[in-house]
Amino acid sequence: MNQPSVSWGQIRADFPILDQQVHGQPLIYFDNAATSQKPRTVVEKLRHYYERDNSNVHRGMHELSARATADFEAARTRLARFINAPSEEEVIFTRGTTESINLVAQTWGAKFLKEGDVILLTEMEHHSNLVPWQLLAERTGAKLRFLPINDRHELALDRLGEFLTPEVKLFSFVHISNSLGTVNPAEELCAAARRVGAVTLVDAAQSAGHRPLDVQALGCDFLALSGHKMCGPTGIGLLYGRRELLEAMPPWHGGGEMILSVQYEKSTWKQPPHRFEAGTPNIADAIALATAADYLDGIGREAIFEHDRRLARHAHEKLAAIPGLRVLGPPLGSDSRSGVISFVMENAHAHDVVTLADQRGLALRGGHHCTQPLMRKLGLSSSARASFYFYNTEAEIDRMAEILAEIDRFFR
Amino acid sequence: MNFDELYQELILDHSKRPRNYGNLEAEDAVHVHGDNPSCGDEIHLHVRFGPEKVEEIRFTGHGCAISQASASMMTLKLKGKPREEAARLMHLFHGQVAGSGEEPGPRELGDLNVLSGVRKFPQRVKCAMLAWRAFEQALEESATGKAEGRVSTEDQES
């Protein structure tokens, strides 16, 4: 891979939070799949907005409102470019991936799905790409179907034809699994869905900010992402939807901002994206998310992805050397591995691992990672997870391996 | 902190070799399935109540060292205790791990006081309480003459 020369060491200085001691030890933050840290420039943007420009958007006639509106809409344009959406009118601000998926389920799904239709998901979905469809299926009589995973913890692509039949009206799948670290071939899956006329939704919560993302190249109809996992604030995310689909969708929440005209008995709606943004939006966080996009592109998402994978490979090798430790997800060296490493230890339960790791300053996550059906299928009740981002280092991984070996000895 | 400040030897011992582990076949035994949905830990608690006291108590399940040790030590503590006494111990234990109790804990809790360290880890209190919440449910089931029950650590604050 040809990488632009990035000074990974200097990047850490952009994240003051990383420079601290936890329980008397240097913090090692490996919980990036849950939420990433925020660079100074994003925090500064929030401060600048609240100290200089704060105002409500869209109908204000004064200077501050004009500034807030211009910055808010410029953020939409910037983020459309971040995912290469054809138009900023196809980008809706939401609270995050979960809300984006619920929006599609409750508007597009409620209008277009009926009894007998099939919603195709995969066995590795996060609850956020499962429960909204269960609710919809209950309401419409549509059925859920799940593309299985194979023993390499990848999607069983050889069985795609069997599952992707003409009754499938929607295929919604995760781009990078938050509990296995598997990277799914989104382009191929979207193309296959298109051949049977199914609409596609890509859950990009773990891929946004970790690798280049181009909705036109992916060929998806919808894409959902969360800002806080890509260096942005919490409480802000995006839904991309193809214009034609968005235009056919009824409103979701009713209120100010989303209407053209309101009478006592009925109202008319704005065109997308504003049709789906009732009420005062999350202005500051939307603007700061665009700053996060600038920051990430300053480093280069191709370089970030390679860095993630280099760390994951290093971690995989180191962890595999610990007795009784088993890494989940695609095998070492597989192309479908991202920077998420989940593992189970023979002698130590995931929660005990996480509690003890924390005493050494190491932030991991343990549990079902909001993928209960997947864990059940794998015969596990929980796993521990280390997830990396570009500010993490190989030295931190070496330290993690020492800590995990110590934990293994303790429980032996 | 050394690992053994939270996970004292006794906790490791009980989690590796849980006492009273297994099912109760007795027809008059109460069975409660308890789970902690936030982490997936599960317990199947079987209790046979006599007219006055806890005659037999056994459990199966899986979970972290804290939840397994707590379940194992609980069965040792409660076996043979009158119901009211068992209920009182449950409240004492809850007070101890949830942080309102004093350190060192009440003498009556005996070995169970090794779990007091959990109070410094609010996320782990539910682990320590899982078996006890199942026992509380078993008391309720037996009072109403039922043989099966379910309980979740999310049902109420524990």
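About the thresholds
Residues numbered from 1 in each chain as written. Chains lettered and ligands numbered in written order. Predicted model: local features only at pLDDT ≥ 70, side-chain atom pairs only at ≥ 80, totals over all residues. Domains from an automatic or database assignment. Contact = placed C-beta atoms within 7 Å. Helix = DSSP H or I, 4+ residues; strand = E, 2+ residues; numbered from the N terminus. Nonpolar A, V, L, I, M, F, W, Y, C, P; charged D, E, K, R; others polar. Pairing = 2+ DSSP bridges. Axes fitted to C-alpha atoms, helices over the stretch in contact; angles between N-to-C directions. Parallel < 35°, antiparallel > 145°, perpendicular 65-115°, else oblique. Left-handed = near helix turned anticlockwise from the far one by under 90°. Buried ≥ 20, exposed ≤ 12 C-beta atoms within 10 Å, placed from the backbone. Core = buried A, V, L, I, M, F, W, Y, C linked by C-beta atoms within 7 Å.

## Observations regarding the domain arrangement of chain A
One frequent convention defines the size of an interface as the accessible area lost when the parts assemble.
Residue and element names in this part refer to chain A.
Item 1. Here the domain parsing of chain A yields domain 1 (8–30 + 300–411) and domain 2 (43–297).
Item 2. Computed from C-alpha atoms alone, the centre-to-centre distance between domain 1 and domain 2 is 28 Å.
Item 3. Taken together, the contacts link 25 residues of domain 1 with 20 residues of domain 2.
Item 4. When residues of the side of domain 1 that touches domain 2 are traced back to their parent elements, those giving at least two are helix H11 (301–320), strand E14 (340–345), helix H13 (372–377) and strand E17 (383–387).

## Examining the interface of chain B and chain A
Item 1. Taken together, the contact pairs 13 residues of chain B with 13 residues of chain A.
Item 2. Of the residues in the side of chain B that touches chain A, the class split is eight nonpolar, three polar and two charged.

## So, the sheet that holds strand E2 (residues 41–49) of chain B
All names here are of chain B.
Item 1. Strand order in the open sheet formed by four strands is E3-E2-E1-E4, with mixed pairing between adjacent strands. In the strand order of this sheet, the two ends are held by strand E3 (54–62) and strand E4 (148–152), each with one partner. For this sheet the average axis-to-axis angle between neighbouring strands, irrespective of direction, equals 20°.
Item 2. Pairing of E2 with E3 involves eight bridges; the strand directions are antiparallel. Across the sheet, Ile-43 pairs through a bridge with Gly-61, a residue of E3.
Item 3. Contacting strand E1 (30–36), E2, E3 and E4, helix H5 (residues 125–143) crosses the sheet at an angle of about 150° to E1.

## Description of the packing of helix H4 (residues 83–98) of chain B against H5 of chain B
All names here are of chain B.
Item 1. Contact geometry of H4 with H5 gives a least axis separation of 10 Å together with a crossing angle of 160°. By the angle class used here, H4 and H5 are roughly antiparallel. When you trace H4 past H5, the crossing you get is left-handed. In this structure, H4 uses Arg-83, Ala-87, Met-90, Phe-93, His-94, Val-97 and Ala-98 to contact H5, whose residues at the interface are Val-125, Ala-128, Met-129, Trp-132, Phe-135, Glu-136 and Leu-139.
Item 2. In terms of residue class, the contact of H4 with H5 is made up of 11 nonpolar, one polar and two charged.

## A word on the pairing of strand E4 (residues 91–94) of chain A
Residue and element names in this part refer to chain A.
Item 1. Covered by surrounding structure in E4 are Val-91 and Phe-93 together with Ile-92 and Thr-94, the residues of both alternating faces.
Item 2. Bridge count between E4 and strand E10 (residues 237–241): four bridges; the pairing is antiparallel. Note that in E10 the partner of Phe-93 across the bridge is Leu-238.

## As for the sheet that holds E10 of chain A
Residue and element names in this part refer to chain A.
Item 1. Taken together, the seven strands give an open sheet; going across it, the order is E4-E10-E9-E8-E7-E5-E6, and neighbouring strands pair in mixed fashion. The outermost strands of the open sheet, each flanked by one partner alone, are E4 and strand E6 (143–147). Taken over all neighbouring pairs, the strand axes of this sheet differ in orientation by 20° on average, direction set aside.
Item 2. Across three bridges, strand E8 (residues 199–203) lies against strand E9 (residues 222–226) in parallel orientation.

## Describing the pairing of E14 of chain A
All names here are of chain A.
Item 1. Counting buried residues in E14 gives six out of six residues, a clear majority hidden from the surface.
Item 2. Where strand E13 (residues 325–327) lies against E14, three bridges are found, and the strand directions are antiparallel. Paired with Arg-326 across the strands is Val-344, a residue of E14.
Item 3. With four bridges connecting them, E14 and E17 associate as antiparallel partners. Following the sheet pairing, Ile-341 is matched in E17 by Ala-386.

## Quick look at the nonpolar core
Item 1. Core analysis: the largest hydrophobic core is formed by 121 residues, its most contacted members being Leu-79, Leu-223 and Val-353 of chain A.
Item 2. Here the element with the most residues in this core is helix H10 (residues 283–299) of chain A; it accounts for 12 residues.
Item 3. Viewed by domain, this core spans two of them, domain 1 (8–30 + 300–411) and domain 2 (43–297) of chain A, each represented by three or more residues.
Item 4. Excluding residues within four positions of it along the chain, Val-353 of chain A makes contact with Met-345, Ala-348, Leu-364, Gly-366, Ala-384 and Ile-407 of chain A.
Item 5. Ile-11, Leu-24, Phe-93 and Leu-109 of chain B belong to the second largest nonpolar core, which has 44 residues in total.

## Thoughts on the packing of helix H4 (residues 97–112) of chain A against helix H5 (residues 131–140) of chain A
Residues and elements named next belong to chain A.
Item 1. At a closest axis distance of 9 Å, the pairing of H4 and H5 adopts a crossing angle of 20°. Relative to H5, H4 is oriented roughly parallel. Pair H4 / H5 crosses with right-handed handedness. From H4, Ile-101, Asn-102, Ala-105, Gly-109 and Ala-110 reach across to H5, where they touch Pro-132, Trp-133, Leu-135, Leu-136, Arg-139 and Thr-140.

## Concerning unusual backbone geometry
Item 1. The amide bond that connects Pro-272 of chain A to the next residue, Pro-273 of chain A, takes the cis arrangement and shows omega of 5°.
Item 2. The backbone of Cys-231 of chain A sits at a positive phi, close to 75°, despite the residue not being glycine.
Item 3. Relative to the assigned elements, Cys-231 of chain A resides in the loop between E9 and E10.
Item 4. Notably, Asn-20 of chain B is not glycine yet its phi reads approximately 55°, a positive angle.
Item 5. If you trace the backbone, Asn-20 of chain B turns up in the loop between helix H2 (9–16) and E1.
Item 6. Taking the number of C-beta atoms within 10 Å as the measure of exposure, Asn-20 of chain B has 18 and is therefore partly exposed.

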